[in-house]
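Summary of structural features
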Amino acid sequence: MIRFDQVSKRYEGGHEALSQLSFEVADGEMAFVTGHSGAGKSTLLKLIALIERPSHGQIVLDGQSLSKVRRGGIPRLRRGIGMVFQDHRLLMDRTVFANVELPLVIGAVAPAERARRVRAALEKVGLLDYERQLPASLSAGEQQRVGIARAIVARPKLLIADEPTGNLDPQLAVEIMGLFAEFQQLGTTVLVASHDLPLIKRMKKRVVVLDHGRLVADVAASEVQ
Amino acid sequence: MSAAAPETAEAPRSGRSRARRVAGWREHHGWSAAASLRRLAGRPVGTFLTVAVMGLALALPLAFYLLLANVQSLGDGLGRNAAVSVFLKPDQAGPQAELLAKTLRERADVAAVAVKTPQQGMDELATMQGFSGALHALDEHNPLPYVLEVTPRADLDAAAFERLSADLRGERAVDLVQDSGQWRQRLDALLALGRRIVEALALLLAVAALLVVGNTVRVDIASRSEEIGVLTLMGASHAFVRRPYLYAGIWYGLFAGVLAVLLALAVEWALAGPVAQLGQVYGGRLRLGGLPPWLLLATPLASALLGWLGARLVSAWQLRKAA
Ligand SMILES: Nc1ncnc2c1ncn2[C@@H]1O[C@H](COP(=O)(O)OP(=O)(O)O)[C@@H](O)[C@H]1O
Ligand SMILES: [Mg+2]
């Protein structure tokens, strides 16, 4: 699903955020990217969604070389990726339903079908009764679940999450990570950046470890203890 | 790579995919139009202010247009249809006067001819204040000529009227033709100037309306930079992100155009009374020249176009900056 081939990223005026990074994530696999703050986790995810472009190297996503995707092709690429952010990035002036609906509106799905899929997504994250509420009236954990519903509502093949539990207490964090594992069960490829090592260890999934932009360890799910 | 129907997919050009693209396009436009309308309704005060400023700016040229149209119809009522006084030469007596009147009555551009004898003229003068003393001094000798009061057909235009006037002047028996020609010319020149001023004003105020919408949309986009960022991350195209703002511009323009028309109709209504009064004074020759239906329809449409244009110019610039 994802292949990094000798990928380096140097921000303008900065040092290298990623250095000659090579790894692969298979279809339907779930993996964590971890490392200290500033190790390059967010940068790695941004390269996948073409929020940033690599300085060197190749990234192939679902058989498509990202270097061949021009500016005009970025929206289409992003519609195939579900994204979850640390600060959930919900639109606070719209209901939960309207927030989750947005990717389907962008995808020009008809209203009846939209409503069906939004409810299905909200049900998966356990928030079906909240569809008429505004995000501000929800707890932090519920808000993040709405963010996840929004990320999966268009049934992307790939789900990427950047510190999705960064603002949550440990109990909620476990629940959220459990949700990601469920989506993997349903066939979605999942890549989660997190620095919460204890939590990652509990999940028993593959772990890619970055240090100053270099891949220093790649632990298979079966080897995680 | 998504299972969801992608926005404007570059799918093969089969009939079905074309139908789906059209459906998707309609879906997007319907959503954007409704969403932008909801946003405007969500902050009624700001929306009202923008619409009010824009509407007033557009109502102003309409009101001037109305004013001009009425001054023109006033001019028509007073000048063009007024009777022309044709003074015959002093040596022309009653039979010649009746003969000329008869030939004039046969003209297509003449509605009526009345013959006024010197005695009638004298009687008229006598009823006027201050003249009776002077008439006594004339001592029975009546110096007044025969006068024909020629009433032109009501629907004559300026050129036809001019022709009639020239023909009358050309008659051998005629000494002097007193018509409102010169007065008309001056009024026409003034009206032409007025029209030019209204046109210039309309242009300037249209630009002002454009700027009002542009600024409102600019502020709107600036306050929604976060939303724009989220939409972009979720794969919204530039066109999709921009569309609600274009619709907002169209709504602002449409509402402002309707407001402008309503204001202009209010002015028309307010003018109706005084004009009717004036019309009575001038023997019912005066009617209120209202706003023509095409203008009532064209104003909101042109205004909507203005709003769209303002939103388009600003959003192109503002969203590029945000990208
Ligand atoms: N937009 C940017 N411009 C310049 N430097 C950046 C930018 N974003 C990140 N960096 C730098 O790149 C490195 C990796 O950052 P990041 O990918 O955010 O790490 P992480 O998410 O692991 O904390 C850091 O040294 C950071 O300062
Ligand atoms: Mg980060």
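As annotated in an unreviewed UniProt entry, chain B carries the name Cell division protein FtsX and is attributed to Fulvimonas soli. The record in UniProt for chain B states the following under Subcellular location (unreviewed entry): "Cell inner membrane". Its UniProt record gives chain B a comment under Sequence similarities (unreviewed entry), which states: "Belongs to the ABC-4 integral membrane protein family. FtsX subfamily."

Identification of chain A as Cell division ATP-binding protein FtsE from Fulvimonas soli is taken from an unreviewed UniProt entry. In its Sequence similarities (unreviewed entry) section, the UniProt entry covering chain A states "Belongs to the ABC transporter superfamily." Word for word, the UniProt comment on chain A under Subunit (unreviewed entry) is "Homodimer. Forms a membrane-associated complex with FtsX."

Another aspect to go through is the domain arrangement of chain B. Examined at the domain level, chain B breaks down into domain 1 (30-77 + 187-322) and domain 2 (83-179). The straight-line distance from the C-alpha centre of domain 1 of chain B to that of domain 2 of chain B is 52 Å.

All names here are of chain A. What surrounds ligand 1 is the set Y11, H15, A17, H36, S37, G38, A39, G40, K41, S42 and T43. For ligand 1, an oxygen atom lies 3.2 Å from a polar atom in the backbone of A39. T43 places a polar side-chain atom, nitrogen or oxygen, 2.5 Å from an oxygen atom of ligand 1. In isolation ligand 1 has 560 Å² of accessible area, and contact with the protein removes 63% of it. The element that contributes the greatest number of residues to the shell around ligand 1 is helix α1 (residues 41-48), accounting for three residues.

Turning next to the interface of chain A and chain B. Taken residue by residue, the interface counts 32 residues in chain A and 26 residues in chain B. A combined buried area of about 2,600 Å² lies between chain A and chain B, and 61% of that area is made up of carbon and sulfur atoms. Its largest share of buried area at the contact with chain B, chain A owes to R76, R79 and I106 of chain A, together 23% of the area lost on that side. Where chain A touches chain B, the interface holds three salt bridges. The tally of links from chain A across to chain B stands at six residue pairs in polar contact (both at pLDDT 80 or more). Breaking the side of chain A that touches chain B down by element, the ones donating at least two residues are α2 (74-78), α3 (96-106) and α4 (111-124) of chain A.

Moving on, we get to the sheet that holds strand β6 (residues 81-84) of chain A. Residue and element names in this part refer to chain A. Read from one edge of the open sheet, six strands run β6-β7-β8-β3-β9-β10, paired in mixed fashion. The sheet terminates laterally at β6 and β10 (214-219), the two strands that pair on one side only. Averaged over all pairs of adjacent strands, the angle between strand axes in this sheet comes to 15 degrees, irrespective of strand direction. Inspection of the sheet shows strand β3 (residues 30-34) paired to strand β8 (residues 189-193) by four bridges, in the parallel sense. Paired with A31 across the bridge in β8 is L191.

Here the focus is the UniProt feature "domain: ABC transporter" (unreviewed entry) in chain A. Under the UniProt annotation, "domain: ABC transporter" (unreviewed entry) lies at residues 2-224 of chain A. For residues 2-224 of chain A, the helix share is 33%, the strand share is 26%, and the end-to-end C-alpha distance is 21 Å.

The full count for this structure, using the stated rule, is three aromatic pairs over all chains. Each ring, one from F4 of chain A and one from F23 of chain A, has its centre 4.8 Å from the other, and the planes form 25 degrees; the classification is stacked. Taken together, the positions of F4 of chain A in strand β1 (residues 2-10) and F23 of chain A in strand β2 (residues 16-25) put the pair 19 residues apart, joining distant regions of the chain. Here the two residues F4 of chain A and F23 of chain A agree in accessibility, since each one is buried. Here W251 of chain B and F255 of chain B contribute two aromatic rings whose centre-to-centre distance is 6.2 Å and whose plane-to-plane angle is 15 degrees, an arrangement assigned as stacked. Linking W251 of chain B with F255 of chain B, this pair stays in helix α9 (residues 238-281), spanning four residues, or about one helical turn. When its relative accessible area of 36% is taken as the criterion, F255 of chain B is described as partly exposed. Geometry around F85 of chain A places R89 of chain A over its ring, the cationic atom sitting 4.8 Å from the centre. Directly above the ring of Y245 of chain B sits R39 of chain B, whose terminal nitrogen or CZ lies 5.4 Å from the centroid.

Right, let's talk about the sheet that holds β2 of chain A for a bit. Residues and elements named next belong to chain A. The four strands are arranged β2-β1-β4-β5 in an open sheet whose pairing can be described as antiparallel. Every other strand in the sheet has two partners, leaving β2 and β5 (64-65) as the edge strands with one partner each. Bridge analysis of β1 against β2 gives six bridges, and the strand direction is antiparallel. From the neighbouring strand, K9 faces β2, where its bridge partner is L18. Running at roughly 120 degrees to β1, α1 makes contact with β1, β2 and β4 (56-61) of the sheet.

Here we come to the domain arrangement of chain A. Residues and elements named next belong to chain A. Partitioning chain A into domains gives domain 1 (1-75 + 160-225) and domain 2 (81-155). Each of domain 1 and domain 2 has a C-alpha centre, and the two are 23 Å apart. Counting residues at the interface gives 19 residues for domain 1, matched by 15 residues for domain 2. Carbon and sulfur atoms make up 71% of the area that domain 1 and domain 2 hide from each other, which totals about 1,400 Å². Where domain 1 touches domain 2, the interface holds one salt bridge. A salt bridge links E175 to R145; its shortest N-O distance comes to 3.8 Å. Put simply, domain 1 and domain 2 have six residue pairs in polar contact (both at pLDDT 80 or more) between them. At the level of secondary structure, the elements contributing two or more residues to the side of domain 1 that touches domain 2 comprise β7 (158-162) and α6 (170-185).

Residue and element names in this part refer to chain B. In this structure, the second largest pocket spans a volume of roughly 460 Å³. For the second largest pocket, the lining is made up of 19 residues, of which P61, L62, Y65, A202 and L295 are closest to its centre. Mapped by element, the contributors of at least two residues to the lining of the second largest pocket are α2 (44-80), α7 (181-223) and α10 (293-322). Residue classes in the lining of the second largest pocket are distributed as 14 nonpolar, three polar and two charged.

For the rest of this paragraph, the subject is a nonpolar patch on the surface. All names here are of chain B. Judged by side-chain polarity, L60, F64, L67 and V71 come together as a nonpolar surface patch covering roughly 320 Å² of accessible area. Position of F64 relative to the elements: it lies in helix α2. On the basis of relative accessibility, which here comes to 35%, the residue F64 falls in the partly exposed class.

Procedures and definitions
Residues numbered from 1 in each chain as written. Chains lettered and ligands numbered in written order. Predicted model: local features only at pLDDT ≥ 70, side-chain atom pairs only at ≥ 80, totals over all residues. Heavy atoms only, no water. UniProt positions renumbered as here; feature names shortened; annotations may be inferred. Domains from an automatic or database assignment. Near = heavy atom within 4 Å. Polar contact = N/O pair within 3.5 Å; in protein donor to acceptor, adjacent residues only side chain to side chain. Areas by Shrake-Rupley, 256 points an atom, 1.4 Å probe, with all protein chains shown as cover. Helix = DSSP H or I, 4+ residues; strand = E, 2+ residues; numbered from the N terminus. Contact = heavy atoms within 4.5 Å. Buried area = accessible area lost by both parts, 1.4 Å probe. Salt bridge = Lys/Arg side-chain N within 4 Å of Asp/Glu carboxyl O. Pairing = 2+ DSSP bridges. Axes fitted to C-alpha atoms, helices over the stretch in contact; angles between N-to-C directions. Phe/Tyr/Trp six-rings, centres within 6.5 Å; stacked < 30°, edge-to-face > 60°. Buried < 20%, exposed > 50% of the residue type's maximum accessible area, 1.4 Å probe, protein only. Lys NZ or Arg CZ within 6 Å of the ring centre and 35° of its normal. 1 Å grid on protein atoms, 1.4 Å probe; cavity = no way out; pocket = protein on both sides within 12 Å on 5 of 7 lines; lining within 4 Å. Points joined across faces, edges and corners; volume = space filled by probe spheres on them. Nonpolar A, V, L, I, M, F, W, Y, C, P; charged D, E, K, R; others polar. Patch = residues over 30% accessible without salt bridge, like charges linked within 9 Å, V, L, I, M, F, W, Y side chains within 5 Å.

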